[in-house]
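Each chain, written out:
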Amino acid sequence: MDDAARRHHHLGGVKRLIVKIGSAVIAPDGVPSPMAFAALAGQYAAIRRRGIALAVVSSGAVASGFRPLGFDRPPATMALKQAAAAVGQPLLMQSWSTALGSHGVTAAQVLFTAEDLSDRARYLNARRTMAELLDRGVLPIINENDTVSYEEIRFGDNDMLSALAADVLSADALIILSKATGLYADGDSSRVISTIASDAEDMAASHVRDERSSVGTGGMASKLAASMMSARWGIPTVVAGGHVPDVLTRVLAGEVLGTLFTPSKERMAARHRWLSGAARPKASIVVDAGAARALRERHASLLPSGVTSVEGVFDRGAVVMVRDPSGDAIAKGLTLYSSEEISRIAGRRSDQIESILGCWLSEEVIHRDDLAVL
Ligand code: GLU
């Protein structure tokens, strides 16, 4: 398949799209650009008229807020960045509402922390709410809830959030718009790599020469990580230049613009996407070398016989990290037993579970359907 045919194949039939916009596109140097909002809003309206449902992950809260807060560059401390986001987020939404309103499109503000999407019930609820917004023709404008996100519960950057949003909405494409016009070969901005396969992360990473914009936080490394993740989930992902005229409509029409991360052949099931992406384990199960191999190579279920120890306290149904004997993460999974139960059956055969615990739920500690190998 040549580049153009590949683009058509992956992007021609998109029905549900997530677009991520970097701060440097809409608020360069910390000044929201009405022209940039207007240009993007026009493209969204055109896309929606073609029957494509759309949600946007918009950065720019900190970038829109630091000047009104009295700074002439983005502040360095977390608390001041959060303060700037608190000032900037309503200004950002105002810009979106004005730009979209002139096309008759209603915008909705959706703010997430990483913790929100890591919690299965809240994640499922977010899915339902977002689906309602889309069904009603409203355009969700998503951002991280910066003011209440601190280190442990941050996504870190909106590139990752956009991949998770693509998962939440079961989108069939993700377009990340940035100051850079794609992933550059050897960092040379005159040579955009047009296609990267979902299993070519090392090759792609070797081309990243990271240079961040003055107002954004992510840079190309984080765009690459997010794009690889969504491509592995089976979602075609494009990184392209936000300033390129009509970039969205042209990318969707199959024009070879920016870098396309081709999706893996099979679309990953929703539960596995959540496990491998948004879920953030607070505890671990350590397994022996044999079990580690079985998980990695055969995607087998985890049986009690392979467990050597449990780290942390959790109930049945918790998300845990499964680690090999040297502590490296192998997989994330949903446990069928609690930490206390697993420590008692660790190293034992499954047919001994009932006599040890006095109850029997299943022969696995984690069923393969509930395991996402990393
Ligand atoms: N959430 C941040 C903001 O709106 C941006 C994070 C990022 O640039 O990735 O300012």
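About the thresholds
Residues numbered from 1 in each chain as written. Predicted model: local features only at pLDDT ≥ 70, side-chain atom pairs only at ≥ 80, totals over all residues. Heavy atoms only, no water. Pairing = 2+ DSSP bridges. Helix = DSSP H or I, 4+ residues; strand = E, 2+ residues; numbered from the N terminus. Axes fitted to C-alpha atoms, helices over the stretch in contact; angles between N-to-C directions. Contact = heavy atoms within 4.5 Å. Phe/Tyr/Trp six-rings, centres within 6.5 Å; stacked < 30°, edge-to-face > 60°. Buried < 20%, exposed > 50% of the residue type's maximum accessible area, 1.4 Å probe, protein only.

1. Topic: the sheet that holds strand E1 (residues 16–21)
Turning to step 1, where the next piece is worked out: Reading across the sheet, the 8 strands line up as E3-E4-E2-E1-E5-E7-E8-E6 and stay open at both edges, with mixed pairing between neighbours. At either end of the open sheet lies a strand with only one pairing partner, and these are strand E3 (107–112) and strand E6 (195–197). Direction aside, neighbouring strands of the sheet carry axes that sit 20° apart on average.
Turning to step 2, where the next piece is worked out: Note: E6 against strand E8 (residues 259–262), 3 bridges, orientation parallel. Bridging from a neighbouring strand, Ala 197 pairs with Thr 262 of E8.
Turning to step 3, where the next piece is worked out: Lying on the sheet, helix H1 (residues 3–11) is in contact with strand E5 (173–178), E6, strand E7 (237–241) and E8; it crosses E8 at an angle near 60°.
Turning to step 4, where the next piece is worked out: Against the sheet, helix H3 (residues 34–49) contacts E1, strand E2 (53–58), strand E4 (139–144) and E5, and its axis sits at roughly 175° relative to E1.

2. What to know about the packing of aromatic side chains
Turning to step 1, where the next piece is worked out: On inspection of all chains with the given rule, the structure shows 3 aromatic pairs.
Turning to step 2, where the next piece is worked out: With centroids separated by 4.8 Å and ring planes inclined at 80°, the aromatic side chains of Phe 37 and Trp 96 adopt a geometry described as edge-to-face. Residue Phe 37 is found in helix H3, and its partner Trp 96 is found in helix H5 (residues 78–101); the two are separated by 59 residues along the sequence.
Turning to step 3, where the next piece is worked out: Note on Trp 96: relative accessible area 0%, which makes it buried.
Turning to step 4, where the next piece is worked out: Judged by centre distance (6.0 Å) and plane angle (50°), the ring pair of Tyr 123 and Trp 274 falls under tilted. One end of the pair, Tyr 123, is in helix H7 (residues 120–135); the other, Trp 274, is in helix H12 (residues 270–276), and 151 residues separate them in sequence.
Turning to step 5, where the next piece is worked out: Given a relative accessible area of 1%, Tyr 123 falls into the buried group.
Turning to step 6, where the next piece is worked out: Every member of this aromatic cluster is reached through a ring pair, and the members are Phe 37, Tyr 44 and Trp 96.

Honestly, that's just the spatial picture; any functional story needs more than this.
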